[in-house]
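Inside the fold
So you can see what is in the structure, the chains are spelled out below.
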Amino acid sequence: MPTESTPDLADGIVEPGPDGRDLIRFERRLAHPIDRVWSAIAEPRGLLGWWGDASLELRLDGEFKLRWLNTDDKGNAVRFDGRITRLEAPRLLELAGRWLAEGAGGAVLQDMPTILRFELDGDRNATVLRFFNTLE
């Protein structure tokens with residue numbers, strides 16, 4: 001989805017979160033209605049269009065698994081395995097889980113606990129998306 005220009009927030013911001021853990025945050029104004037943006041973050045077909053192959057149970061404590069479709073030049077891949085910890089459709093989706101980097105042979109190279117949070121605010125035919133990634 002194309003974004004409207006936000007030069008001061010073009011890149012994510014890394015800062016200490018309220019609990020002292022590292023927090024990465026992004027804010028984007030997307031030229032799409034909130035229901036379309038919600039579909040892009042909360043439905044397997046929508047996630048496949050921009051992030052990766054997903055399976056999920058869209059309910060509180062439902063499973064959320066995502067696998068990137070691309071790999072690095074050595075064949076290493078990244079996936080996310082987690083659960084839905086907050087759900088207020090179509091405005092809030094929070095996931096607790098793990099980023100897992102896997103080698104070409106399937107060995108886990110990195111295992112990082114994380115919390116992902118998507119907040120959406122509709123504004124006419126646009127949506128403000130706030131994304132937070134809290135690293136443990």
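Scroll up a little and you will see the structure.
Throughout what follows, the structure given in this document is the object of discussion.

Conventions adopted
- In this numbering scheme, every chain counts its residues from 1 along its sequence in written order.
- Reporting in this predicted model follows two pLDDT cut-offs: at least 70 for local features of residues, and 80 or more for side-chain atom pairs to be given and counted; totals over whole chains, interfaces and linings ignore these cut-offs and use all residues.
- Only heavy atoms go into the side-chain values, all of them from the structure, while hydrogens and water stay out.
- A run of DSSP states H or I qualifies as a helix once it reaches four residues; a run of E qualifies as a strand once it reaches two. Both are numbered from the N-terminal end.
- Radius of gyration here uses only the C-alpha atoms, and the compact-globule reference equals 2.2 Å multiplied by the residue count raised to the power 0.38.
- Strands pair, by our definition, only if DSSP identifies at least two bridges between them.
- Fitted lines through C-alpha atoms serve as axes, helices being fitted only where they are in contact, and the angles separating the N-to-C directions of these axes extend from 0 to 180 degrees.
- Any pair of residues with heavy atoms lying within 4.5 Å of one another is described as a contacting pair.
- Throughout, exposure labels follow a simple rule: accessible area from a 1.4 Å probe, protein chains only, divided by the maximum for the residue type, with under 20% read as buried, over 50% as exposed, and the rest as partly exposed.

1. Concerning the overall build of the protein chain
- Across its full length, the protein chain carries 2 helices and 8 strands.
- What you see in the protein chain, going N to C, is helices and strands ordered as β-β-α-α-β-β-β-β-β-β.
- Here the protein chain has a C-alpha radius of gyration of 15 Å; the compact-globule value for 136 residues is 14 Å, and the two agree.
- Overall, the protein chain is about 45 × 30 × 30 Å in size when its C-alpha atoms are taken along their principal axes.

2. Side note on the sheet that holds strand β5 (residues 77-88)
- Spatial ordering of the open sheet is given by β1-β2-β8-β7-β6-β5-β4-β3, a layout of 8 strands whose pairing is antiparallel. Unpaired on one side and paired on the other, β1 (13-16) and β3 (53-56) mark the two borders of the sheet. Between one strand axis and the next, the sheet turns through 20° on average, direction left out of account.
- Relative to strand β8 (residues 126-135), strand β2 (residues 22-30) runs antiparallel, the two being bridged by 9 bridges. Each residue of the ladder has a partner; that of R29, found in β8, is V128.
- Along the sheet, helix α1 (residues 34-42) makes contact with β2, β3, β4 (63-67), β5, β6 (92-102), β7 (108-123) and β8, crossing β7 at roughly 170°.

3. A look at the environment of F80
- You can see F80 is positioned in strand β5.
- Given the relative accessible area of 0%, F80 is considered buried.
- Along the sequence, F80 and W68 sit 12 residues apart, while their C-alpha atoms lie 8.6 Å from each other.
- Each residue touching F80, except ones within four places of it in the same chain, is listed here: F64, K65, L66, W68, L95, A96, G97, R98, W99, T114 and L116.

4. Side note on unusual backbone geometry
- Of note, the amide linkage connecting A89 to P90 takes the cis form, showing an omega dihedral of -5°.
- One non-glycine residue, R124, adopts positive backbone phi at about 55°.
- Relative to the elements of secondary structure, R124 occurs in the loop between β7 and β8.
- Exposure remark for R124: the relative accessible area of 73% places this residue in the exposed category.

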